[in-house]
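Descriptive structure summary
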Amino acid sequence: MSSIKIDDIARLAGYSKATVSKVINNYPGISETTREKIMKVIKKYEFEPNIQARNLAGKRDKVIGIFILDKGGLGSYFFQYMIALIIEKAEEKDVKVLISLVKNNEEKIRIKHLIDNGAIQGAVIIGATLDEPELENMIENDYNLVIFDYKTEHKAKNIFLINSNNYKGGKLAAKYLLEKGLKSIYHFTGQENKLAGLERKEGFLDELDGNGIISKVLKGEFQLEIAKQLFNQMIRVGDIPEGIFCANDEMAIGCLEALAENKIDYKKVKIIGFDNTQISKLYRPRITTIGYNLDKMAEKAVESILILIEGKKIKENIYNGELKIYERET
């Protein structure tokens, strides 16, 4: 048996590992010239691909991966809800789903390995930061990817971007609070190394600019407990704004719990969240929030990854969620 690996075949043939994997697993969308060149190298060096992976790829079932790139794992309501919706949409199309948590850079290589080995045919990635060299490498090497809230300048034909219209959402939240006549408005931001955290903050501050509003930005990291702890500290020193924009619904809950623990009526502080996840409707008081159609985003994710897997072209590789304000009790 030859000891040569898929990396060697890719190097010798002059193509990416993703392209070699597609040829091995008989994917559509590969030109005959490319297929012949790669097969010539495979035969010359007597390369024997992983039989289990080839058997899986040969089945009728398509398999996609959902990868959560976040240290907090599945603690986020947004992640939980989006995963559930993607699974539901995938099942409607008879597509199997593999779910994996990726908590550090070393684990990101697993995404490539699963595609190379034929275990999955494409990946949906949620929670990426603005600095993802491993992800950039996959994009450059033609891996089929759907990525939530990532750099919008990408025009690669093998990826599809689903963005939450974050900057517009931040402006919408600020405008909503300004229209309430508030004079002090704070923002609990998400991780600023993520597109959602950065752009929601920028939109918020740009809308407030020039309105003479007292404002602060507090690093809530998209985490309920962090926002709760920060607001508790502020309340204890009497630093209570008239309004708060939280970059997700979970931080809005953290702020509401801080008010409750200090026996302050939630109606004294106007709070608006972001995402319109299920928890925003179930929590009491129900949370006013900026939302988009999560069901549509999940549908787009599944439709797009299947188009990419089939080797077809997508005219526009970006989908921006349509936003609206869901005004409730906070």
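As shown above, the structure is provided for reference.
Residues numbered from 1 in each chain as written. Predicted model: local features only at pLDDT ≥ 70, side-chain atom pairs only at ≥ 80, totals over all residues. Heavy atoms only, no water.

**A closer look at the sheet that holds strand E8 (residues 243-246)**
As summarised here, the arrangement of the six strands in space is E7-E6-E8-E9-E10-E12, forming an open sheet in which the pairing is mixed. Only two strands of the sheet have a single partner each, and these edge strands are strand E7 (214-219) and strand E12 (324-326). Taken over all neighbouring pairs, the strand axes of this sheet differ in orientation by 20° on average, direction set aside. Looking at chain direction, strand E6 (residues 184-189) and E7 are connected through six bridges and run parallel. The partner of Ile-185 across the bridge, within E7, is Ser-215. Lying on the sheet, helix H9 (residues 195-208) is in contact with E6, E7, E8 and strand E9 (270-275); it crosses E6 at an angle near 170°. Docked against the sheet, helix H11 (residues 249-261) engages E6, E8, E9 and strand E10 (288-291), running at close to 155° with respect to E9. (Pairing = 2+ DSSP bridges. Helix = DSSP H or I, 4+ residues; strand = E, 2+ residues; numbered from the N terminus. Axes fitted to C-alpha atoms, helices over the stretch in contact; angles between N-to-C directions. Contact = heavy atoms within 4.5 Å.)

**A look at H9**
For H9, built from 14 residues, the straight-helix expectation of 20 Å at 1.5 Å per residue is met to within 8% by its first-to-last C-alpha distance of 20 Å. Looking at H9, one finds that the buried residues are Leu-195, Ala-196, Gly-197, Arg-200, Lys-201, Gly-203, Phe-204 and Leu-208. Two residues or fewer after H9 comes Gly-210, characterised by a positive phi angle close to 85°. (Expected span 1.5 Å × (residues − 1). Buried < 20%, exposed > 50% of the residue type's maximum accessible area, 1.4 Å probe, protein only.)

**Notes on the side chain of Lys-112**
Relative to the elements of secondary structure, Lys-112 occurs in helix H6 (residues 109-116). Of the side chains with opposite charge, Asp-116 comes closest to the buried, unpaired Lys-112, at an N-O distance of 6.1 Å. Within the local environment of Lys-112, its side chain forms a polar contact with the side chain of Asn-137, the two groups lying 2.8 Å apart. When residues no more than four places from it in sequence are discounted, the contact partners of Lys-112 are Asn-137, Met-138 and Tyr-143. (Lys, Arg positive; Asp, Glu negative; His and termini not counted. Salt bridge = Lys/Arg side-chain N within 4 Å of Asp/Glu carboxyl O. Polar contact = N/O pair within 3.5 Å; in protein donor to acceptor, adjacent residues only side chain to side chain.)

**Considerations on the pairing of strand E4 (residues 145-148)**
The side chains of a regular strand alternate between the sheet's two faces. On E4, burial covers both faces: Leu-145 and Ile-147 on one face and Val-146 and Phe-148 on the other are all buried. For the crossover from strand E3 (residues 122-126) across helix H7 (residues 133-140) to E4, the handedness is right-handed. Pairing analysis gives four bridges linking E4 to strand E5 (residues 159-163), with the strands arranged parallel. Paired with Ile-147 across the two strands is Leu-161, which belongs to E5. (Right-handed = clockwise from strand over helix to strand, strands pointing away.)

**What about the sheet that holds E4?**
Ordered in space as E2-E1-E3-E4-E5-E11, the six strands form an open sheet in which the pairing is parallel. The open sheet terminates on both sides in strands that have one partner only, identified here as strand E2 (95-102) and strand E11 (318-320). Sheet twist, expressed as the mean angle between neighbouring strand axes with direction ignored, is 15°.

**Looking at helix H10 (residues 224-236)**
Helix length check: H10 (13 residues) gives 18 Å between terminal C-alpha atoms against 18 Å at 1.5 Å per residue, within 8%. Within H10, burial applies to Leu-224, Ala-227, Lys-228, Phe-231, Asn-232, Met-234 and Ile-235. All buried residues of H10 lie within an arc of 165° about the axis, which places them on one face of the element. Exposed residues lying more than 90 degrees from the buried face of H10 are Glu-225 and Arg-236. Where H10 is buried, its residues contact E6, E7, E8 and H11. (Arc of directions from axis to C-beta.)

**Comments concerning the pattern of salt bridges**
Counting across every chain of the model gives 16 salt bridges. In this structure, Arg-200 engages Asp-275 in a salt bridge whose closest nitrogen and oxygen atoms are separated by 3.6 Å. In this pair, Arg-200 is assigned in helix H9 and Asp-275 in strand E9, connecting sequence segments 75 residues apart. Several salt bridges converge on common partners, so that one network encompasses Lys-228, Glu-257 and Glu-261.

So, to be careful, I would describe these as geometric facts and stop short of saying anything about function.
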